[in-house]
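Structural overview for review
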Amino acid sequence: MAKIGAAQTPPTLPTPAQGVRWTTPIVETPGIVVLASWIWRLVRFLVTLPFRFPVMVACLAASFAAWWWLGWPGLAGLWTTALVVSLVWWRTWPDSYRYCVTLRLLAWWRHVFVYRRHWQPVLVISGLAESYQERRYLPRIRRVMCDIWADRVRVSLVAGTSPADFETRVAELAHGFAAPSCRVIVNRPRDITLEFPRRDTLAEPFDALPTPDAPELDALHVGQREDGSPWRLRLHGTHVLVAGVTGSGKGSVIWSAVRAMLPAIDSGTAQVWAIDPKRMELAYGRDLFAHYADDGESAVALLELAVAQMQDRARRYAGKRRSHTPTTEDPFVLVVLDEVAFLTAYHPDRDIRKRSENAIATLTSQGRSVGFSVLAALQDPRKEVMNLRNLFPDKVALRLDEASQVDMILGEGARDRGANAHLIDPTFPGVGYVRMETSPAPVRVRAAYVSDDDITAMTDVYAASDEEVGR
Ligand SMILES: Nc1ncnc2c1ncn2[C@@H]1O[C@H](COP(=O)(O)OP(=O)(O)OP(=O)(O)O)[C@@H](O)[C@H]1O
Ligand SMILES: [Mg+2]
């Protein structure tokens, strides 16, 4: 027990090491400085207004001048004249009216009430800006432009962020601004454009496209891109793999490509060799094909024949030419392989599997410069099923089962950049994503639908005779 009256230890001052901390003194900004800053912002806003919104400022100035000099009747006269002029313009030149007036007004509306209004919360929540307070670190909207189908928001990035940060947040951005998708277009390292479609332009299926007079085998028109421009598929000089679950519309990609080639087939400068293990997809138009196979044995024989002809052509070209131009003597040969996994993985005969894999690997690794291409369709893109997919330079991802399959088909980062092939609506067959050579950002596309009647009509007009194709 402590003794009453015993000497107590005197209290000691804490040393800095024991926890005295420096705190920044809070200095209040003087009111006059705040006021001056607000006046400066107001003056800057008024001075830059005519440059940012010249038409609006001119209209307001003209209205004010009419009212000032001529009173209310003058103002009413000016507005009536403006209304009549715009009605005449709208009726006479609707396209230019739409471009100059409707879309400009829409852009202004969307800028103010959609993008500027939701910009900060959407960017903060999607992790592209730091906090609600720090406006200085918020990417800045430079301009909003509208066209018939999409809004384009031009953005200046803050130092320390990169376009890739936006590319990995496209799903959040699309959701944040209530758009079906979002695409990032890089103008300069710190200047990007975000493209937000206002509606799904690919929601409606469309019929088979007209057959071209002179097909371009390296840009066959097979469908439509999301922005309304043609989707052109390159076949000559490459190999294409189309992946998608059953019913995703692989057949429409194959048939649209064959249809676009028809005049070349007719003139003898192109041939289609078809393998159709399901006997459903291609059998309908088999008369269009130079060779056709529907079981394991005949399919391998067809592939090995293609390899032999390709090697023969390569021998003839060796040392003489380095690229192929389609002619009737040396036509472009497209080997169409529906459900390629039937041959490479599911066929019960090991020998057939091995031989077909070898033949496909040889064709895809050596064929493109001598005019042999492979267009293959596949339901399941996993490696165990198809380990040759990297030999196909161009790929199309239609509706897929799993998110992880997107990057397997379109390459690393494709899903982050918005290629949500696993989220494609099952009621939209033929819709998918492709990566164009010009841009790493995937593009949403839809193939035209080639119906059974179209195939019958194609066969009636263009069926190849046995003599022509050497069957
Ligand atoms: N581009 C398209 N536009 C509209 N509808 C389409 C399109 N492509 C396909 N369809 C519809 O979807 C159905 C399935 O298409 P398709 O047979 O091409 O699918 P698939 O991917 O080849 O399936 P599977 O792997 O079972 O052969 C078609 O019968 C057709 O009704
Ligand atoms: Mg099919």
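Residues numbered from 1 in each chain as written. Chains lettered and ligands numbered in written order. Predicted model: local features only at pLDDT ≥ 70, side-chain atom pairs only at ≥ 80, totals over all residues. Heavy atoms only, no water.

The name an unreviewed UniProt entry gives the chain is S-DNA-T family DNA segregation ATPase FtsK/SpoIIIE, with Nocardiopsis aegyptia as the organism.

1. Here we look at the site of ligand 1
Near ligand 1 you find 18 residues, and of these Thr 246, Gly 247, Lys 250, Lys 278 and Ala 447 are the closest. The contact in question runs from an oxygen atom of ligand 1 to an N or O atom on the side chain of Thr 246, over 2.5 Å. A distance of 3.1 Å separates an oxygen atom of ligand 1 from a polar side-chain atom of Glu 281. Only α6 (250-267) and β14 (442-447) provide two or more residues apiece to the shell around ligand 1. (Near = heavy atom within 4 Å. Polar contact = N/O pair within 3.5 Å; in protein donor to acceptor, adjacent residues only side chain to side chain. Helix = DSSP H or I, 4+ residues; strand = E, 2+ residues; numbered from the N terminus.)

2. Section: the UniProt feature "binding site: ATP" (unreviewed entry) in the chain
UniProt's feature table lists "binding site: ATP" (unreviewed entry) at Gly 244, Val 245, Thr 246, Gly 247, Ser 248, Gly 249, Lys 250 and Gly 251, given in the numbering used throughout. In this fold, Thr 246 is placed in the loop between β7 (240-243) and α6. Excluding residues that lie within four positions of it along the chain, Thr 246 makes contacts with Gln 379 and Arg 399. If you trace the backbone, Gly 249 turns up in the loop between β7 and α6. Among residues more than four places away in sequence, those in contact with Gly 249 are Leu 398, Pro 429 and Gly 430. (UniProt positions renumbered as here; feature names shortened; annotations may be inferred. Contact = heavy atoms within 4.5 Å.)

3. Overview of the packing of aromatic side chains
In the structure shown here, the tally under the stated rule is 13 aromatic pairs. With a centroid separation of 5.1 Å and an interplanar angle of 50°, the aromatic rings of Tyr 115 and Phe 177 are classed as tilted. Highlighted residues: Tyr 115 in helix α3 (residues 94-125) and Phe 177 in the loop between α5 (170-176) and β3 (183-188), separated in sequence by 62 residues. Neither residue differs from the other here; Tyr 115 and Phe 177 are each classed as buried. Ring geometry for Tyr 115 and Phe 196: centres 5.5 Å apart, planes at 25°, overall stacked. Highlighted residues: Tyr 115 in helix α3 and Phe 196 in strand β4 (residues 191-197), separated in sequence by 81 residues. Exposure remark for Tyr 115: the relative accessible area of 0% places this residue in the buried category. Note on Phe 196: relative accessible area 1%, which makes it buried. Aromatic ring contacts, followed pair by pair, group Phe 64, Trp 67, Trp 68 and Trp 72 into a single cluster. (Phe/Tyr/Trp six-rings, centres within 6.5 Å; stacked < 30°, edge-to-face > 60°. Buried < 20%, exposed > 50% of the residue type's maximum accessible area, 1.4 Å probe, protein only.)

4. Side note on the sheet that holds β3
Judged by pairing direction, the sheet is antiparallel, and its four strands sit side by side in the order β1-β2-β4-β3 without closing on themselves. The sheet terminates laterally at β1 (140-146) and β3, the two strands that pair on one side only. Here the strands of the sheet are splayed against their neighbours by 25° on average, with no regard to which way each runs. Where β1 lies against strand β2 (residues 150-156), six bridges are found, and the strand directions are antiparallel. The residue of β2 that forms the bridge with Ile 141 is Val 155. (Pairing = 2+ DSSP bridges. Axes fitted to C-alpha atoms, helices over the stretch in contact; angles between N-to-C directions.)

5. Details of the domain arrangement of the chain
Under the domain assignment used here, the chain contains domain 1 (98-197) and domain 2 (220-317 + 324-466). On a C-alpha basis, the centres of domain 1 and domain 2 stand 37 Å from each other. Between domain 1 and domain 2, the residue contacts involve eight residues of the former and nine residues of the latter. Per-residue buried area on domain 1 facing domain 2 is highest for Trp 149, Glu 167 and Arg 183; these three make up 60% of the total on that side. Linking domain 1 to domain 2 there are zero salt bridges. Where domain 1 meets domain 2, there are one residue pair in polar contact (both at pLDDT 80 or more). Residues that form the side of domain 1 that touches domain 2 fall into these classes: four nonpolar, two polar and two charged. (Domains from an automatic or database assignment. Buried area = accessible area lost by both parts, 1.4 Å probe. Salt bridge = Lys/Arg side-chain N within 4 Å of Asp/Glu carboxyl O. Nonpolar A, V, L, I, M, F, W, Y, C, P; charged D, E, K, R; others polar.)

6. Quick look at the pattern of salt bridges
For the structure shown, the criterion picks out 18 salt bridges. Two residues, Arg 316 and Asp 312, come together in a salt bridge whose shortest N-O distance is 3.8 Å. One end of the pair, Arg 316, and the other, Asp 312, are both in helix α7 (residues 296-317), four residues apart, so they sit about a helical turn from each other. A salt bridge links Asp 380 to Arg 382, with the shortest nitrogen-to-oxygen separation between them at 2.5 Å. One continuous salt-bridge network, built from bridges that share partners, spans Arg 142, Arg 154, Arg 188 and Asp 191.

7. Brief notes about the state of the cysteines
For the coordinates displayed, the defined rule picks out zero disulfides. Free of any disulfide, Cys 59 has its nearest cysteine sulfur in Cys 100, 13 Å distant. Residue Cys 100 is classed as partly exposed on the basis of its relative accessible area, which comes to 35%. (Disulfide = S-S within 2.5 Å.)

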